[in-house]
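Okay, here's what each chain looks like letter by letter:
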Amino acid sequence: MIAPLFILAGMGLGPVQSGAPAAPAQAQNAPGADEARSAISKAVGFLLSKQNPDGSWGTSTVESLFELNYSHASFYAWKMAGGALCCMALMVSEETPERRAALERALTWLCEQPIPKRGSDWDIDNTWTSLYGFNALVMATKDPRFQGKEWKEKVHARALGFYAYLESVQDPKGGWGYYEGPVISHRPTWSTSFATACVIPALVDAKSMGWPIDQGLVDRAMRYVQQCRLPSGAYTYDLDPIPRITGGEDINQVKGSLGRIQVGNWALRRAGDPKITDETLRWGLQQFFENHKFLDAARLMPIPHESWYRNAGYFYYFGHYHAALAINQLPESEREAWHAKLRRELVKTQWEDGASQDFPGSFYNVTYATSFSTLALAAGLPGGERIR
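Here we summarise the structure given alongside this text.

**Examining the overall build of the protein**
On a plain count of helices and strands, the protein comes out with 15 helices and 0 strands. For the protein, the C-alpha radius of gyration of 20 Å lies close to 21 Å, the compact-globule estimate for 388 residues. Dimensions of the protein along its principal axes, counting C-alpha atoms only, are 60 × 55 × 45 Å. Counting only residues that meet the buried cut, the protein has 58% of its 388 residues in that class. By sequence separation, contacts in the protein at least 24 residues apart represent 71% of the contacts at least 6 residues apart.

Right, here's the structure in full:
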């Protein structure tokens, strides 16, 4: 009876359910909106204290023994990708003159520095820069603070630069990744469900604004993510003809896919996939919180995928951010109960100085984690639905 499941894998079929999961009851003693605002204020204060004079964060050099095998090009790429996420975090935080000045410096740096190039034959981590650089600049395009002619031209030009890179390296199967596949080529041959999903809504938004976005590129990306969705409701790490489910604990089981479920469901729902219903979103969120201990166990573990179900530490804040976005696709009356559960998991991990971290390494680990946490908390506050 196992073989038919593999035949069905990737067809976009939902998990077998005995009934629709209900919205959660209000979490007991969960942090409320005021505590979320306090955590955001601490996080933004940390980011401002660590911003470089040129508007960036961190460095372009190795700072961790775990990462000695990467090229310097990748450290520059991670620095810029982390900076893009910092821009997003500052855009959703309550404005002060200091924060506005920091945001403008950061956006200027993101728009004016060279777009990172491929690091080596196998290392294409520079893709992360274009994925999150594009996300950040689509958000900036819709921000009323950046509607002046100079800002609009600067943001639009760099966003199309990031898009041009994504267009040139889309895997023939439709996705984007960060390592090369079995064949080394200009157009990479390996990609992942989550890297692909994270940019689909921004591509949809950009096309709706009249940007020259190829609908075929969007369709291929959607199809890639849809094909990664298993009958269980999990999303495979990457797209294989036979998903890597080997029995026992596996990364492609639901408990190893907790964050990918959120980003996959959110992205496909935002792109108009009718199979991602409210029930699908609720089921994914229910799995996220019921099995949260596996994300907790992996957080700050120094070796990728060493934890239960091959969860890695860097799944943590990525997963929580996209869970927040998935929550905001549900009816408004349900959202606060879900966001209260999410806040608890974010506030408990914030350091005293306002930073967050889920994987040991260079400073970009802190910038992305702190930014993802800030964005997730802000999504649960009034007006948070604008975080798309």
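**So, unusual backbone geometry**
Even without being glycine, His305 reaches a positive phi, approximately 65°. For His305, the location among the structural elements is in the loop between α12 (293-298) and α13 (316-327). With relative accessibility at 22%, the residue His305 sits in the partly exposed group. Positive phi, normally seen in glycine, also occurs at Arg310, with a value near 60°. Structurally, the position occupied by Arg310 is in the loop between α12 and α13.

**Comments concerning the side chain of Thr196**
On the secondary structure map, Thr196 appears in helix α7 (residues 193-197). A distance of 2.7 Å separates the side chain of Thr196 from the backbone oxygen of Thr192, its partner in a polar contact. When near neighbours in sequence (up to four residues on either side) are disregarded, Thr196 contacts Gly174, Gly175, Trp176, Ser191, Ala221, Tyr224 and Val225.

**Some words on helix α8 (residues 200-208)**
Where α8 is concerned, the buried positions are Ile200, Pro201, Ala202, Leu203, Asp205 and Ala206. Elements that come into contact with the buried residues of α8 comprise α5 (127-141), α6 (149-169), α7, α9 (215-228) and α10 (258-270).

**Concerning the packing of helix α11 (residues 278-290) against α13**
Geometrically, a packed helix pair is captured by the angle between its two axes and the distance between the axes. Across the interface, α11 lies against α13 with an axial gap of 10 Å and an inter-helix angle of 145°. Relative to α13, the crossing made by α11 is left-handed. Facing Leu281, Leu285 and Phe288 of α11, the residues of α13 in contact are Gly319, His320, Ala323, Ala326 and Ile327.

**Some remarks on the packing of α10 against α11**
Contact geometry of α10 with α11 gives a least axis separation of 9 Å together with a crossing angle of 160°. By the angle class used here, α10 and α11 are roughly antiparallel. Once α10 is placed against α11, the crossing between them reads as left-handed. Here α10 contributes Leu258, Ile261, Gln262, Asn265, Trp266 and Arg269 to the contact with α11, which in turn contributes Asp278, Thr280, Leu281, Trp283, Gly284, Leu285, Gln287 and Phe288. Along the lines of polarity and charge, the residues of the contact of α10 with α11 split into 7 nonpolar, 5 polar and 2 charged.

**Topic: α13**
Over its 12 residues, α13 runs 17 Å from end to end, which matches the ideal 16 Å to within 8%, given 1.5 Å per residue. Burial runs high along α13: 12 of the 12 residues are buried. Within α13, burial applies to Tyr316, Tyr317, Phe318, Gly319, His320, Tyr321, His322, Ala323, Ala324, Leu325, Ala326 and Ile327.

**Considering the packing of aromatic side chains**
Two descriptors summarise a pair of aromatic rings, namely the distance from one centre to the other and the angle between the planes of the rings. Considering all chains together, one arrives at 28 aromatic pairs under this definition. For the pair Trp128 and Tyr178, a centre-to-centre distance of 5.5 Å together with 25° between the ring planes defines the contact as stacked. Of this pair, Trp128 sits in helix α5 while Tyr178 sits in the loop between α6 and α7, and the two are 50 residues apart along the sequence. Here Trp128 and Tyr178 have matching classes, each one buried. Ring centres 5.1 Å apart and planes at 75° place the aromatic pair Tyr314 and Phe359 in the edge-to-face group. Remark: Phe359 occurs in the loop between α14 (332-347) and α15 (364-379) and Tyr314 occurs in the loop between α12 and α13; sequence separation between them is 45 residues. The cationic tip of Lys154 hangs over the ring face of Trp151; the distance from NZ or CZ to the ring centre is 4.8 Å.

What counts and what doesn't
Residues numbered from 1 in each chain as written. Predicted model: local features only at pLDDT ≥ 70, side-chain atom pairs only at ≥ 80, totals over all residues. Heavy atoms only, no water. Helix = DSSP H or I, 4+ residues; strand = E, 2+ residues; numbered from the N terminus. Rg over C-alpha atoms; globule rule 2.2 N^0.38 Å. Buried < 20%, exposed > 50% of the residue type's maximum accessible area, 1.4 Å probe, protein only. Contact = heavy atoms within 4.5 Å. Polar contact = N/O pair within 3.5 Å; in protein donor to acceptor, adjacent residues only side chain to side chain. Axes fitted to C-alpha atoms, helices over the stretch in contact; angles between N-to-C directions. Left-handed = near helix turned anticlockwise from the far one by under 90°. Parallel < 35°, antiparallel > 145°, perpendicular 65-115°, else oblique. Nonpolar A, V, L, I, M, F, W, Y, C, P; charged D, E, K, R; others polar. Expected span 1.5 Å × (residues − 1). Phe/Tyr/Trp six-rings, centres within 6.5 Å; stacked < 30°, edge-to-face > 60°. Lys NZ or Arg CZ within 6 Å of the ring centre and 35° of its normal.

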